Amino acid sequence: MRILYFAWVRERVGVAEEEVTPPADVADVAALIDWLATRSDGHRAAFADPARLRAAVDQAFVALDAPVAGAREVAIFPPVTGG
Amino acid sequence: MRILYFAWVRERVGVAEEEVTPPADVADVAALIDWLATRSDGHRAAFADPARLRAAVDQAFVALDAPVAGAREVAIFPPVTGG
Amino acid sequence: MIRITVSPDPIDVAAELARLETDGAGAVATFTGLVRGDDGVETLELEHYPGATERALEQLARSACARWPLAAATIVHRVGAMTPGERIVFVGTASAHRAAALEACAYLIDRLKTDAPFWKRETVGGAARWVEARAGDATAATRWES
Amino acid sequence: MIRITVSPDPIDVAAELARLETDGAGAVATFTGLVRGDDGVETLELEHYPGATERALEQLARSACARWPLAAATIVHRVGAMTPGERIVFVGTASAHRAAALEACAYLIDRLKTDAPFWKRETVGGAARWVEARAGDATAATRWES
């Protein structure tokens, strides 16, 4: 599973993307974030406040309780500020 | 008093503007139009349906019951169609 | 800054846009009306009331500036003869706030249709006819009354 | 016709406008967002999610075309580094009906602010900070839900 990070989430994690294989019991985006948080201090800092995080699964915006089973690409980022 | 005509009102009257001196009892725009209608067959044809006429007194849009006393310039025209 | 132009010259929207942008606001909204070739229209002529037209457009722009916090309001209206595809009217607004720019732009074009002395004459199949006012324009203009 | 562009190149609004006009509708509405120099902002950087961003903008344009009778919808968003006064975003719509063009243009810019993956980073006094999302943007976007 490819994980992408953007904006200050990317900066705190320290990488723009990584390939991971989460355990089978990681069912939704929130659980995936909790699991990713254990990978480094940077990850933990980036994910400290889940209310400030948004996600996309296979390039479609989703809520944090959306399932990740079968996803090829999950992106984690702050609320968007374009336009 | 200077009278201006626009669009099909101008075409039917036959002139774009004329200088007139209406009698003292011509108090409002509607009365002025009735009086002007007697000037020629073209005037009469132009003013046949007052519901299709609009007016401005001294370059400000007004209703047909607006007074004309002291006016220097009165314009008579169809509903506007710009933009 | 208010800019009003009534002229037989073609409308240069790039220049108008550039002027709106340099007025220093973050949001610029525009509306451009083009001569439509529907129903076989060959040419369109715009007649206006010199002096009164500019005055009406100036008042309209001032009323928009009173209702919304605008950095700039531009109205350019072409008069004389034109052909399908050419620009008849350009309205532009600039503001620090996008909602203000967008709403004021819609307001200006809606009110311009009913409040400014212009008259259109179309030529179709070689015959000229004066365009009738549309009830929908009066309705669109009244939604701004409050 | 839908046109989506996400690029580090400056936005050529005259060219975008010309394309909207040639799509044959009588009414063209546009919105241009510029980098504001308020609060001493020196540079603005726009990060995006390549692929997903274009897809989100395409979906947004399609939804506008489903809601209003549009001849064309254009969204151009700049990414990368820019300075105050430069254009960040251009949205344009063309329709036979002025209300459709104006409303769809407002819809596109309101929804773009919340539905497309872009992130702004400002540099002020040499220090960079990520711009926080504004509650007002979410509110503006929800007014189109129905």
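Scoring rules and cut-offs
- Residues numbered from 1 in each chain as written.
- Chains lettered and ligands numbered in written order.
- Predicted model: local features only at pLDDT ≥ 70, side-chain atom pairs only at ≥ 80, totals over all residues.
- Heavy atoms only, no water.
- Helix = DSSP H or I, 4+ residues; strand = E, 2+ residues; numbered from the N terminus.
- Rg over C-alpha atoms; globule rule 2.2 N^0.38 Å.
- Contact = heavy atoms within 4.5 Å.
- Areas by Shrake-Rupley, 256 points an atom, 1.4 Å probe, with all protein chains shown as cover.
- Buried area = accessible area lost by both parts, 1.4 Å probe.
- Salt bridge = Lys/Arg side-chain N within 4 Å of Asp/Glu carboxyl O.
- Polar contact = N/O pair within 3.5 Å; in protein donor to acceptor, adjacent residues only side chain to side chain.
- Nonpolar A, V, L, I, M, F, W, Y, C, P; charged D, E, K, R; others polar.
- Least-squares fit on C-alpha atoms with pLDDT ≥ 70 in both.
- Pairing = 2+ DSSP bridges.
- Axes fitted to C-alpha atoms, helices over the stretch in contact; angles between N-to-C directions.
- pLDDT = per-residue confidence, 0-100.
- Buried < 20%, exposed > 50% of the residue type's maximum accessible area, 1.4 Å probe, protein only.

### A closer look at the overall build of chain A
Counting secondary structure elements, chain A contains three helices and five strands. Element order for chain A, N to C, with α for helix and β for strand: β-α-β-α-α-β-β-β. Scaling as 2.2 N^0.38, a compact globule of 83 residues should have a C-alpha radius of gyration of about 12 Å, and chain A matches this with 12 Å. Structurally, chain A occupies a C-alpha span of about 35 × 30 × 20 Å along its principal axes. The long-range share in chain A, meaning contacts at least 24 apart out of those at least 6 apart in sequence, stands at 52%. Only carbon and sulfur atoms are counted for the fraction: they give 53% of the accessible area of chain A, which is about 3,900 Å².

### Observations regarding the overall build of chain C
For chain C, the count of helices and strands is four helices and eight strands. Put simply, chain C runs from its N terminus to its C terminus through helices and strands in the order β-α-β-β-α-β-β-β-α-β-β-α. On C-alpha atoms alone, chain C measures out to a radius of gyration of 15 Å, which is about the 15 Å that the 2.2 N^0.38 rule sets for 146 residues. Overall, chain C is about 50 × 35 × 30 Å in size when its C-alpha atoms are taken along their principal axes. Here the analysis covers contacts within chain C between residues at least 6 apart in sequence; of these, 78% occur between residues at least 24 apart. In the structure as shown, chain C presents an accessible area of about 5,800 Å², 51% of it carried by carbon and sulfur atoms.

### Topic: the interface of chain D and chain C
In many reports, interface size means the accessible area that the parts give up when they come together. Each side of the interface is counted separately: chain D has 27 residues, and chain C has 27 residues. Carbon and sulfur atoms make up 54% of the surface buried where chain D meets chain C, a total of about 2,300 Å² over both sides. On the chain D side of the interface with chain C, the three residues burying the most area are D:Glu21, D:Arg98 and D:Leu102, jointly 28% of the side's total. Our count for the contact surface shared by chain D and chain C stands at six salt bridges. Among the ionic pairs, C:Asp137 bridges to D:Arg98, the shortest N-O distance being 3.2 Å. Counting across the chain D and chain C interface gives 13 residue pairs in polar contact (both at pLDDT 80 or more). Every element with two or more residues in the side of chain D that touches chain C is listed here: helix H1 (13-21), strand E2 (27-34), helix H3 (98-115) and helix H4 (135-142) of chain D. Among the elements that take part in the side of chain D that touches chain C, E2(D) stands out by supplying eight residues, more than any other. Among the residues forming the side of chain D that touches chain C, the class breakdown is 15 nonpolar, four polar and eight charged.

### Digging into the relation of the copies chain D and chain C
Aligned on chain C, chain D shows an RMSD of 0.0 Å; the corresponding rotation is 180° and the shift along the axis is 0.0 Å. The transformation just described matches what one would write down for a two-fold rotation axis. Mapped onto chain C, 100% of the interface residues of chain D again fall at the interface, so both copies present the same surface.

### Things to note about the environment of C:Ala52
Inspection of the secondary structure puts C:Ala52 in helix H2 (residues 52-67). Sequence separation of C:Ala52 and C:Glu122 is 70 residues, and the distance between their C-alpha atoms is 23 Å. Setting aside its immediate chain neighbours within four residues, C:Ala52 contacts B:Gln59 and C:Pro117.

### Notes on the interface of chain A and chain D
Contact with chain A, which involves 21 residues of that partner, is made by 24 residues of chain D. Buried area between chain A and chain D, summed over both chains or domains, comes out near 1,800 Å², and the portion from carbon and sulfur atoms is 55%. Its largest share of buried area at the contact with chain D, chain A owes to A:Gln59, A:Thr81 and A:Gly83, together 36% of the area lost on that side. At the boundary of chain A with chain D, the tally comes to three salt bridges. Applying the counting criterion to the chain A and chain D interface returns 12 residue pairs in polar contact (both at pLDDT 80 or more). The biggest single contributor to the side of chain A that touches chain D is helix H1 (residues 7-13) of chain A, with four residues. By residue class, the composition of the side of chain A that touches chain D is 12 nonpolar, four polar and five charged.

### A short note on the sheet that holds strand E3 (residues 41-48) of chain D
All names here are of chain D. Reading across the sheet, the four strands line up as E5-E3-E7-E8 and stay open at both edges, with antiparallel pairing between neighbours. Pairing within the sheet leaves two strands with one partner each, and these edge strands are strand E5 (80-82) and strand E8 (127-130). The average undirected angle you get between the axes of adjacent strands in this sheet is 25°. Two elements, strand E7 (residues 118-124) and E8, share four bridges in a ladder whose sense is antiparallel. If you follow Thr-123 over to E8, its bridge partner there is Ala-128.

### A short note on the environment of A:Thr38
Residues and elements named next belong to chain A. By the secondary structure assignment, Thr-38 is in the loop between helix H2 (29-36) and helix H3 (41-46). Put simply, Thr-38 and Asp-49 are 11 residues apart on the chain and 14 Å apart in space, counted from C-alpha to C-alpha. Polar contacts involving the side chain of Thr-38 include one to the main-chain carbonyl oxygen of Trp-35, which spans 2.6 Å.

### Comments concerning the confidence of the model for chain C
When pLDDT is low, close inspection of the predicted coordinates is not appropriate. Residues and elements named next belong to chain C. Within chain C, residue pLDDT values average 94, and 99% of them lie at 70 or more. Across chain C, the secondary-structure element scoring lowest on mean pLDDT is helix H4 (residues 135-142), at 84, and the one scoring highest is strand E1 (residues 2-7), at 98. Interface confidence for the predicted complex, expressed as ipTM, amounts to 0.92; the pTM equals 0.93.

### A short note on the pairing of strand E1 (residues 2-5) of chain A
Within a regular strand, the side chains alternate between the two sheet faces. All names here are of chain A. With four bridges joining them, E1 and strand E5 (residues 73-77) adopt parallel strand pairing. Following the sheet pairing, Ile-3 is matched in E5 by Val-74. Bridge analysis of E1 against strand E2 (residues 17-19) gives three bridges, and the strand direction is antiparallel. Of the residues in E2, the one forming a bridge with Leu-4 is Glu-17.

### What to know about the side chain of D:Thr30
Mapped onto the secondary structure, D:Thr30 falls in strand E2. Judged by relative accessible area, D:Thr30 falls into the buried class, the value being 1%.

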